[in-house]
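# Breakdown of the fold
Here is how the chains run, residue by residue.
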Amino acid sequence: MTNEIAEHAISLFFKVTMNKSEAILIANESLRANILNEMNTQFSNVVRYAGDEGWWLNIPLTHFRKEIHFLVCSDKARIIRHLTIKANNILSPATKFRIKDGVADIFISAANPKRLVDALQGGTKYSFNKHLVDEYRY
């Protein structure tokens, strides 16, 4: 193991909150490729919302035309879930999600991490399970 990787592993062991840059680094290291970057990846930590905990995703409708990656992180479980929606995979997102100012407003509950479903009123309870690429422990 190189010193850089060892230092990174040690810093993550003691780290309480994951951030987007570190999550991208972990995902790319696991994939052994530089696929994810700041422009094509959205990141979310678990937050409280209406008596629940989960991840917020805010996706501009135009982004559904290209491949987009999501890294949803649970510091409590020390896991990052990597989701990918391929270009044009969701052809009419406005019919599937609650839309606010041209942005799909999505909340995925963390109550059951094996069931990655949009829980917001006004959506269709869209399941993101088919978009799960992998899970990374840290």
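Residues numbered from 1 in each chain as written. Predicted model: local features only at pLDDT ≥ 70, side-chain atom pairs only at ≥ 80, totals over all residues. Heavy atoms only, no water.

### A closer look at the sheet that holds strand 8 (residues 132–137)
Our working definition: Each pair of strands is called paired provided DSSP finds at least two bridges between the two strands. Helix and strand assignments come from DSSP, with helices taken as H or I runs of at least 4 residues and strands as E runs of at least 2, each series counted from the N terminus. A fitted line through C-alpha atoms serves as each axis, taken over the contacting stretch for helices, and the angle formed by two N-to-C directions is quoted from 0 to 180°. Here, two residues are considered to be in contact whenever any of their heavy atoms come within 4.5 Å of each other.
Judged by pairing direction, the sheet is mixed, and its 4 strands sit side by side in the order 1-4-5-8 without closing on themselves. At either margin of the open sheet sits one strand with a lone partner, and together these are strand 1 (41–45) and strand 8. Direction aside, the axes of adjacent strands within the sheet are offset by 20° on average. The pairing of strand 4 (residues 68–74) with strand 5 (residues 79–85) spans 7 bridges and is antiparallel. When the bridges of strand 5 are listed, valine 72 appears paired with arginine 81. Here helix 2 (residues 20–31) sits on the sheet in contact with strand 1, strand 4, strand 5 and strand 8, set at roughly 105° to strand 8.

### Notes on the sheet that holds strand 3 (residues 52–60)
Taken together, the 4 strands give an open sheet; going across it, the order is 2-3-7-6, and neighbouring strands pair in antiparallel fashion. For this open sheet the edge positions go to strand 2 (47–49) and strand 6 (98–100), each flanked by a neighbour on one side alone. Sheet twist, expressed as the average angle between the axes of neighbouring strands with direction ignored, equals 50°. Both strand 3 and strand 7 (residues 103–109) contribute to a ladder of 7 bridges, which runs antiparallel. By the bridge assignment, proline 60 is partnered in strand 7 with valine 103.

### Comments concerning the side chain of aspartate 118
This is how the line gets drawn: Burial classes: relative accessible area under 20% of the type maximum marks a residue as buried, over 50% as exposed, and values in between as partly exposed (1.4 Å probe, protein chains only). In this charge count, Lys and Arg are treated as positive and Asp and Glu as negative; neither His nor the chain ends contribute. Salt-bridge detection follows one rule: a side-chain nitrogen of Lys or Arg within 4 Å of a carboxyl oxygen of Asp or Glu. Here a polar contact is taken to be a pair of N or O atoms separated by no more than 3.5 Å, where protein atoms must pair a possible hydrogen donor with a possible acceptor and residues adjacent in sequence count only if both atoms sit in side chains.
Assignment of secondary structure puts aspartate 118 in the loop between strand 7 and strand 8. For the buried residue aspartate 118, which engages in no salt bridge, the nearest side chain bearing the opposite charge is lysine 125, 6.9 Å off. Here the side chain of aspartate 118 touches phenylalanine 107 through a polar contact of 3.1 Å, landing on its backbone nitrogen. A polar contact is formed between the side chain of aspartate 118 and the backbone nitrogen of leucine 120, at a distance of 3.3 Å. Setting aside anything within four residues of it in sequence, one finds aspartate 118 in contact with Phe97, Asp105, Ile106, Phe107, Ile108, Gly123, Lys125, Tyr126 and Phe128.

### Digging into the pattern of salt bridges
In the structure shown here, the tally under the stated rule is 6 salt bridges. The partner of glutamate 67 in a salt bridge is lysine 86, and the shortest N-O contact between them spans 3.1 Å. Of this pair, glutamate 67 sits in the loop between strand 3 and strand 4 while lysine 86 sits in the loop between strand 5 and strand 6, and the two are 19 residues apart along the sequence. Of the residues examined, lysine 86 reaches a relative accessible area of 48% and is grouped as partly exposed. The salt bridge involving aspartate 105 is made with arginine 98; its shortest N-O contact spans 2.4 Å. Residue classification places arginine 98 among the partly exposed residues on the basis of a relative accessible area of 28%. Here the residues in one salt-bridge network are Arg81, Lys114 and Glu135, joined through shared partners.

### As for the nonpolar core
Note the cut-off: Grouping buried Ala, Val, Leu, Ile, Met, Phe, Trp, Tyr and Cys residues that are joined through side-chain atoms within 4.5 Å yields what is termed a nonpolar core.
Ile59, Phe64, Phe97, Ile106 and Phe128 are the most contacted members of the largest nonpolar core, which has 17 residues in total. Those elements that provide at least two residues to this core are strand 3, strand 4, strand 5 and strand 7. The contacts of isoleucine 106, once residues within four sequence positions are left out, are Trp55, Trp56, Leu57, Ile59, Phe97, Asp118, Leu120 and Phe128. With 11 residues, the next largest nonpolar core counts Ala23, Leu71, Tyr136 and Tyr138 among its residues.

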